[in-house]
Structures are given as structure tokens and as C-alpha cells.
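Here is how the chains run, residue by residue.
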Amino acid sequence: MRPLTEREIRSAFLNCTKGEAKRLAVPRDLADRPWDDLDFLGWRDPQAPDRAYLVTELAGRPQALALRCPAPAPWQTRRSMCSICLTDHTNGVTLMVAPKAGKAGQQGNSVGTYLCDDLSCSLYVRGKKDTGLFARYQESLTTEEKIRRTTDNLAAFLAKVTA
């Protein structure tokens, strides 16, 4: 992924108003991000832990989503898998819900998916970050094929939000 500026990120949001995009917290360390290893930039809002954001490039332009992350109940300790990168975690996957874009979103419609809690799917797929689990599922796919699967899954999620 190519490095993005704060202005590009704010103007890329598909499912929130321009005012909401202007007020949301964009990471201050954009220059320090591992852009070459990212399929999308994802972050949690430090002031609002129930909010997350992601931005990726599709069709040659940045596209971003605002997400809500309902807090799990304390008793919900279990192993689960991210729907985007297919990495398994123990307590490291969260249901993230995106309001649909346009009129459907204004009517309260939304789409949800299970994502890595820290939104580091790209780093897990490349083996640059570890979940800490003792046993991981072994796959016969190459890293490039896993990256393609991750970007395809992300594109499918964005298509559901914008449909």
C-alpha cells in the first residue's frame, strides 16, 4: 500500500459524513507505519475504544470505513478467527460493524464482520506479527496467495457496505 496523508484518509470515508470524517482521530504516526507491508491501514480510536477505522486502496483510490466495535462480555473467552485474514486468536477477534454507505446507512442499516482486534491482518498474514498461540493452522498457500485472499475478503466487505 502506498503511504497516505491525513487529508487523503479523511476524504476517503464512504460511510460517514464529511463532518464526522473531519472530527475522527487519525493516527499521528502515519510516516512511521510499515506501508510496504500493509494491505490496509487500520486503527482504533484511543478516545473511543468502541470505534475503529480502516482505509485501503481499491480501484486506484483510497476507500475508508468507520466501524463500531461492541464490547464483548467478560465471559466470552474463546478462540476465534478473523474473517478477513483468517488468522485465529484467543480473545483477539472482534465483531466490527460498519454503517452502510448512503441512504441505507442513514436508515440504520449496517454490515458486520469479525476482524483482528488490533486490525493488523496484513502483519499476521506476512508472519511479521504473532498471535501468541502455541499452535497455528498450517496452510499450503504462499504468502502472496494469503495476501490476495486477505485483499479479496476486504474488497468483498467494502462491497457489502457500499451496496
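Residues numbered from 1 in each chain as written. Predicted model: local features only at pLDDT ≥ 70, side-chain atom pairs only at ≥ 80, totals over all residues. Heavy atoms only, no water.

> Which residues make up the packing of aromatic side chains, and what are the values?
Per the counting criterion, the structure on display carries 2 aromatic pairs. Ring plane angle 90° and centroid distance 5.9 Å describe the contact between Phe13 and Tyr53, whose orientation is recorded as edge-to-face. Note that Phe13 is positioned in the loop between helix 1 (6-11) and helix 2 (18-23) and Tyr53 in strand 2 (residues 48-58), a separation of 40 residues in sequence. Each member of the pair, Phe13 as well as Tyr53, carries the same accessibility label: buried. Given the relative accessible area of 5%, Tyr53 is considered buried. Pairwise contacts between aromatic rings join Phe13, Trp43 and Tyr53 into one cluster. (Phe/Tyr/Trp six-rings, centres within 6.5 Å; stacked < 30°, edge-to-face > 60°. Helix = DSSP H or I, 4+ residues; strand = E, 2+ residues; numbered from the N terminus. Buried < 20%, exposed > 50% of the residue type's maximum accessible area, 1.4 Å probe, protein only.)

> I'd love a proper account of a nonpolar patch on the surface, names of residues and values included.
On the surface, a nonpolar cluster with roughly 290 Å² of combined accessible area is contributed by Met81, Leu86 and Tyr137. You can see Met81 is positioned in strand 4 (residues 79-81). (Patch = residues over 30% accessible without salt bridge, like charges linked within 9 Å, V, L, I, M, F, W, Y side chains within 5 Å. Areas by Shrake-Rupley, 256 points an atom, 1.4 Å probe, with all protein chains shown as cover. Salt bridge = Lys/Arg side-chain N within 4 Å of Asp/Glu carboxyl O.)

> Mind laying out the environment of Arg126, listing which residues take part and the relevant values?
By the element assignment, Arg126 lies in the loop between helix 4 (121-125) and helix 5 (143-162). Distance from Arg126 to Thr17, taken between C-alpha atoms, is 34 Å for residues 109 residues apart in sequence. Setting aside chain neighbours within four positions, we find Arg126 in contact with Asp37, Asp39, Thr143 and Ile147. A distance of 3.1 Å separates a polar side-chain atom of Arg126 from the backbone oxygen of Asp37. (Contact = heavy atoms within 4.5 Å. Polar contact = N/O pair within 3.5 Å; in protein donor to acceptor, adjacent residues only side chain to side chain.)

All we've got here are geometric facts, nothing functional implied.
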